[in-house]
Amino acid sequence: MAQDVPIGSTQISLAQLNERSREIFRRIVESYLGTGEPIGSRNIARIIPMTLSPASVRNVMQDLEQLGLVYAPHTSAGRLPTETGLRFFVDALMQVGDLTEDERRKIEGQVAGAGKSVESVLTEASHMLSGLTHSAGVVLTAKSNMRLKHIEFVRLEAERSLVVMVAEDGQVENRILNVSVGLPTSALIEASNFLNAHGRGKTIPEFKSDLEKALEAGRAELDTLTQKLIADGLASWSGGTRDERNLIVRGHANLLDDLNALGDLERVRRLFDDLETKRGIADLLGRAEQAEGMCIYIGSENKLFSLSGSSTIIAPYHDATGRIVGAIGVIGPTRLNYARVIPTVDYTARVVSKLING
């Protein structure tokens, strides 16, 4: 974990906090993660493993507040961690736990028992994460990463054709494709035959790359019309300007637990709206792809859910070539049990990678 956390143009480091400041700050954060409530100086003085008066604790709390790590939600209240404080705690102070062998076996067994299709594995993984973390389990994936089993062009009208793609995991998708006037039926048949002969078992990006190389080397004996037909058909699955992300969410109801005020209810309502409309999903997956590892977004750090006061912990999963093809994780309140959720998400992503490549 990082030792310094940027705040504006400054950095907070562990060196700025002495032992008692760290202990008091840790108690404030742990109380918030456990109850969602502020904790006062008297309660902290009773539970810390050092002799300090409530007045001394208050002085430390004021120092922590000046650093931007904690705040008082109202007059004469205890303190709560700020988003910056939570980030500092996660990066510099938190001890991330590890899963037991029994817990690992349970994750593997539950996800593997979902079935052989990629969709069933991902759906079960999101459902399982929701149950283990008491949050909403979320999976992001791209349709273009399905592996081809069969593809066919079917004439609909003079200028339109239906492209049917069957993936290895059993998913079937259709696209309507505009074609040139006078395109012969033979071109549709030739395009279908070529794709089935050379594309089976490959993803769309893989096959597009192979096709481009074959055309450059003159190894693909296709006429111009058929080449264009194949290129247009593949492009219809390649995303283009469209958002081709799939979103699987399980456990919405967990986000309704422990709501303390109407403001909390409004926060969750906004989050549900974000999820329903898939707003910003491609952006979140893009971040996971760029990071190539565990991503932790606390509150407003995650632009997707900046209005919801939520945290997102997400990890990428990979195909057999090591390429990132999606991401899996959880969305929950900012008082997630980070030390527990982080290793759970990380291991689940590894299990998913193994299964979809099996």
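Residues numbered from 1 in each chain as written. Predicted model: local features only at pLDDT ≥ 70, side-chain atom pairs only at ≥ 80, totals over all residues. Heavy atoms only, no water.

Let's talk about the sheet that holds strand 8 (residues 172-178)
No. 1: In space, the three strands of this open sheet follow the order 6-7-8, with antiparallel pairing throughout. Two strands bound the open sheet, and with one partner strand each, they are strand 6 (148-157) and strand 8. For this sheet the average axis-to-axis angle between neighbouring strands, irrespective of direction, equals 20°.
No. 2: The pairing of strand 6 with strand 7 (residues 160-167) spans eight bridges and is antiparallel. Directly across from Ile-151, in strand 7, lies its bridge partner Met-165.
No. 3: Sitting on the sheet, helix 7 (residues 185-199) touches strand 6 and strand 7, and the angle it makes with strand 6 is about 170°. (Pairing = 2+ DSSP bridges. Helix = DSSP H or I, 4+ residues; strand = E, 2+ residues; numbered from the N terminus. Axes fitted to C-alpha atoms, helices over the stretch in contact; angles between N-to-C directions. Contact = heavy atoms within 4.5 Å.)

Considering unusual backbone geometry
No. 1: With phi around 55°, His-134 is a residue other than glycine that occupies positive phi space.
No. 2: Structurally, the position occupied by His-134 is in the loop between helix 6 (118-133) and strand 5 (136-142).

What about the pattern of salt bridges?
No. 1: Counted according to the given criterion, the structure contains eleven salt bridges.
No. 2: Residue Arg-79 pairs with Glu-65 through a salt bridge whose shortest N-O separation is 3.0 Å. Taken together, the residues span a long stretch of sequence, with Arg-79 in the loop between strand 3 (70-71) and strand 4 (80-81) and Glu-65 in helix 3 (residues 54-66) at a distance of 14 residues.
No. 3: On the basis of relative accessibility, which here comes to 13%, the residue Arg-79 falls in the buried class.
No. 4: Between Asp-98 and Arg-104 there is a salt bridge, with its nearest N and O atoms 3.1 Å apart.
No. 5: The network of salt bridges with common partners includes Asp-102, Arg-105 and Lys-106. (Salt bridge = Lys/Arg side-chain N within 4 Å of Asp/Glu carboxyl O. Buried < 20%, exposed > 50% of the residue type's maximum accessible area, 1.4 Å probe, protein only.)

A closer look at the packing of helix 5 (residues 101-112) against helix 6
In a pair of packed helices, the angle between the axes and the distance between the axes together describe the arrangement.
No. 1: As a packed pair, helix 5 and helix 6 sit with axes 8 Å apart at the nearest point and diverge in direction by 140°. By the angle between their axes, helix 5 is oblique relative to helix 6. With respect to the hand of their crossing, helix 5 and helix 6 are arranged in right-handed fashion. Counting all contacts with helix 5, which are made through Ile-107, Gln-110 and Val-111, the residues of helix 6 involved are Val-121, Glu-124, Ala-125, His-127, Met-128 and Leu-132.
No. 2: A per-class count over the contact of helix 5 with helix 6 returns six nonpolar, two polar and one charged. (Parallel < 35°, antiparallel > 145°, perpendicular 65-115°, else oblique. Left-handed = near helix turned anticlockwise from the far one by under 90°. Nonpolar A, V, L, I, M, F, W, Y, C, P; charged D, E, K, R; others polar.)

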